[in-house]
Amino acid sequence: QALHTGSHSSLAQLEILCKQLYETTDTTTRLQAEKALVEFTNSPDCLSKCQLLLESGSSSYSQLLAATCLSKLVSRTSNPLPLEQRIDIRNYVLNYLATRPKLAAFVTQALIQLYARITKLGWFDCQKEDYVFRNVIVDVTRFLQDSVEHCIIGVTILSQLTNEINQVNSTHPLTKHRKIASSFRDSSLFDIFTLSCNLLKQASGKNLNLNDESQHGLLMQLLKLAHNCLNFDFIGTSTDESSDDLCTVQIPTSWRSAFLDSSTLQLFFDLYHSIPPSLSPLVLSCLVQIASVRRSLFNNAERAKFLSHLVDGVKRILENPQSLSDPNNYHEFCRLLARLKSNYQLGELVKVENYPEVIRLIANFTVTSLQHWEFAPNSVHYLLSLWQRLAASVPYVKATEPHMLETYTPEVTKAYITSRLESVHIILRDGLEDPLDDAGLVQQQLDQLSTIGRCEYEKTCALLVQLFDQSAQSYQELLQSTNSSTMDIAVQEGRLTWLVYIIGAVIGGRVSFASTDEQDAMDGELVCRVLQLMNLTDSRLAQAGNEKLELAMLSFFEQFRKIYIGDQVQKSSKRSAGNCLCL
């Protein structure tokens, strides 16, 4: 396009404005630059000036401005750019990236974003009966056949495009977004996923030098691409990512071959063991998605075989746990463990050949994780979720193979309870953040523990009675002594706070149809102790009170009322009522 005279002086002016926008610390200067650049974006010759900035601009900031402005131009819904012009921009961007592989990272990113935006918005545009924006794999092939830097650009283009098409854009109608996303899913996504797996296989077989920044970068982009493919919203539910516990990946039936072939699953497990912790969380994220593939993709025999490979992979990670000391690896691995039970039934798990060994390893891993209460508290949610679901399944499992949960759930329950009690002294001594201050997190964990603790309940109850009696006795002795330190009293109050919360939770976990008189009697033993403690703390309220302990009491009474007093109680318990009345 012909550029008007004086364009080089205006180019210099634009470059100064870009520098002011991105670099200046003076607010007024930046606001003035921003205002001038907004006017530039809306000017009729913006397109030609953007090209000039890309061709002749001397700074990365001017290239960034050009890419950003072009993205706005191709995205506008009123007065859209003609098809010819958008094809020209797309071709220009691809050539620009191919001939300048060493641009500043943020410029490359902005140009790739521009390509993805043009492609998505033009997905249904035709020229001579040809969908001109759909040949995405052809577009990137020349990048993939060139240097490592070019390869990274090609893979990032596919990754960014998959992400862009998966994202709902508020400025465009949802129906149009769904139409584009389904067409992309059906025509291109499986080919892109297959390409990412093939490139990962090639890369892993080449003895990559991962100390080399560009080779490390290539592997990272390949893993991001595979993850974006697996994370695609296949059926347009746009689920909230925070509810990932219930997530099932709705892989299309046409993808069956990739998951029936165990080499796909094996590829990611092998990669996990061969790459550094900076990359392995991405591998585990892919495995979380693969483990969550919808059940109906397989028949029973295929699912059993798939699950067997999955459990073998998990076993191998647990046997070589070095990389799990990285918090990101640890978190993703906990999510992977949770998916084993959210997507498969206990009856299926116990039939896996290595089940006895794997459930032992998972139990040991859980116990160790709970004992290190200060490490990754958000990840513990997934471990407790796994054990909660396992414990809840026990009454329904029909398989003859032993599930062994009667051995391991008490260990998990004990590790949770004792580790919370042991944390009290350390938190008070070192002035650390108290987990009890995070009411939401504590409540979530207690809800999970309520089911786990009711499995082999006599063991849970005996442990709670023993620990409660020890703490209550120490507390009483400290209160009666004249030279007790406030720290010692605070420690026992903290321990009793946890115990009251936990007792409330396990009582709240009583299921009316499955409960026995013996279990109700155990509940009575626990209820008595909390009520006796309440008599003691009430008698001290005039001198001193403990707010956290009082809140724990309220939580306990809420659970007690729900189970033994509320309108919905289907089976009254003489034992509990009798035990409580004796106070």
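What counts and what doesn't
Residues numbered from 1 in each chain as written. Predicted model: local features only at pLDDT ≥ 70, side-chain atom pairs only at ≥ 80, totals over all residues. Heavy atoms only, no water. UniProt positions renumbered as here; feature names shortened; annotations may be inferred. Axes fitted to C-alpha atoms, helices over the stretch in contact; angles between N-to-C directions. Helix = DSSP H or I, 4+ residues; strand = E, 2+ residues; numbered from the N terminus. Parallel < 35°, antiparallel > 145°, perpendicular 65-115°, else oblique. Left-handed = near helix turned anticlockwise from the far one by under 90°. Contact = heavy atoms within 4.5 Å. Nonpolar A, V, L, I, M, F, W, Y, C, P; charged D, E, K, R; others polar. Phe/Tyr/Trp six-rings, centres within 6.5 Å; stacked < 30°, edge-to-face > 60°. Buried < 20%, exposed > 50% of the residue type's maximum accessible area, 1.4 Å probe, protein only. Lys NZ or Arg CZ within 6 Å of the ring centre and 35° of its normal. Polar contact = N/O pair within 3.5 Å; in protein donor to acceptor, adjacent residues only side chain to side chain. Salt bridge = Lys/Arg side-chain N within 4 Å of Asp/Glu carboxyl O.

Per an unreviewed UniProt entry, the recorded name for the protein chain is Exportin-7, and the organism is Sinocyclocheilus grahami. In its Sequence similarities (unreviewed entry) section, the UniProt record describing the protein chain reads: "Belongs to the exportin family."

Participant: Describe the packing of helix α22 (residues 486-508) against helix α24 (residues 547-565), listing the residues and the values that go with them.
Facilitator: Two numbers describe how α22 lies on α24: the axes approach to 8 Å, and their chain directions differ by 15°. The angle between α22 and α24 falls in the class roughly parallel. For the crossing formed where α22 meets α24, the hand is left-handed. Across the interface between the two elements, E493, L496, T497, V500, Y501, I503, G504, A505, I507 and G508 of α22 pack against K548, L549, L551, A552, M553, S555, F556, Q559, F560, K562, I563 and Y564 of α24. Classifying every residue of the contact of α22 with α24 by side-chain character gives 14 nonpolar, five polar and three charged.

Participant: Go over the packing of aromatic side chains, please, and point to the residues and values.
Facilitator: Taken as a whole and assessed by the stated rule, the structure comprises 18 aromatic pairs. Between F184 and F232, the aromatic rings sit 6.0 Å apart at their centres with planes inclined by 40°, giving tilted as the arrangement. Taken together, the residues F184 in helix α9 (residues 174-204) and F232 in the loop between α10 (213-230) and α11 (256-260) connect sequence positions 48 residues apart. The pair formed by F184 and F232 is uniform in burial state, with each residue classed as buried. For the pair F560 and Y564, a centre-to-centre distance of 5.8 Å together with 40° between the ring planes defines the contact as tilted. With F560 and Y564 both in helix α24 and four residues apart, this pair spans about one turn of that helix. In this pair, the class of F560 matches that of Y564, namely buried. Every member of this aromatic cluster is reached through a ring pair, and the members are W123, F184, F190, F193, F232, F234, W255 and F259. Taking NZ or CZ as reference, R134 lies 3.8 Å from the ring centre of Y131, over its face.

Participant: So what about the side chain of R86? Which residues, and what values?
Facilitator: Looking at where R86 falls in the secondary structure, it is placed in helix α5 (residues 83-99). The buried category is assigned to R86, whose relative accessible area is 14%. From its side chain, R86 meets the backbone oxygen of L81 in a polar contact 3.0 Å long. Not counting chain neighbours up to four residues away, the residues in contact with R86 comprise V74, L81, I118, G122, D125 and F133.

Participant: Any details on the packing of helix α6 (residues 105-121) against helix α8 (residues 148-166)? Residues and values, ideally.
Facilitator: At a minimum axis distance of 9 Å, the contact between α6 and α8 shows a crossing angle of 50°. For the element pair α6 / α8, the angle class is oblique. As α6 runs across α8, the sense of the crossing is right-handed. Two secondary-structure elements touch here, α6 through T108, Q109, I112, Q113, Y115, A116, R117, T119 and K120 and α8 through I153, T156, I157, Q160, L161, E164 and I165. Each residue belonging to the contact of α6 with α8 can be placed in one class, and the counts come to seven nonpolar, six polar and three charged.

Participant: Outline the side chain of E164, listing residues and values.
Facilitator: The topology assignment puts E164 in helix α8. For E164, a relative accessible area of 6% gives the class buried. Within polar-contact distance, the side chain of E164 engages the side chain of Q113 at 2.5 Å. Look past the residues within four positions of E164 in its chain and what remains in contact with it is Q113, A116, R117 and K120.

Participant: Quick one: what's the story with the environment of F193, residue by residue and with numbers?
Facilitator: Checked against the element boundaries, F193 lands in helix α9. In this structure, the C-alpha to C-alpha distance between F193 and H227, residues 34 residues apart in sequence, is 8.9 Å. Apart from residues lying up to four places away in sequence, F193 is in contact with A226, C229, L230, W255, A258, F259 and T264.

Participant: How would you explain the pattern of salt bridges if you had to name every residue and give the values?
Facilitator: Applying the stated criterion across every chain yields a total of 20 salt bridges. For R335, the salt bridge goes to E332, with nearest N and O atoms at 2.7 Å. Of the two residues, R335 and E332 are both situated in helix α15 (residues 327-343); the distance of three residues between them amounts to about one turn of the helix. One exposure class covers both R335 and E332, and it is buried. The salt bridge partner of D520 is R510, with a shortest N-O separation of 2.7 Å. Separated by 10 residues along the polypeptide, D520 in helix α23 (residues 517-540) and R510 in the loop between α22 and α23 bring together distant segments of the chain.

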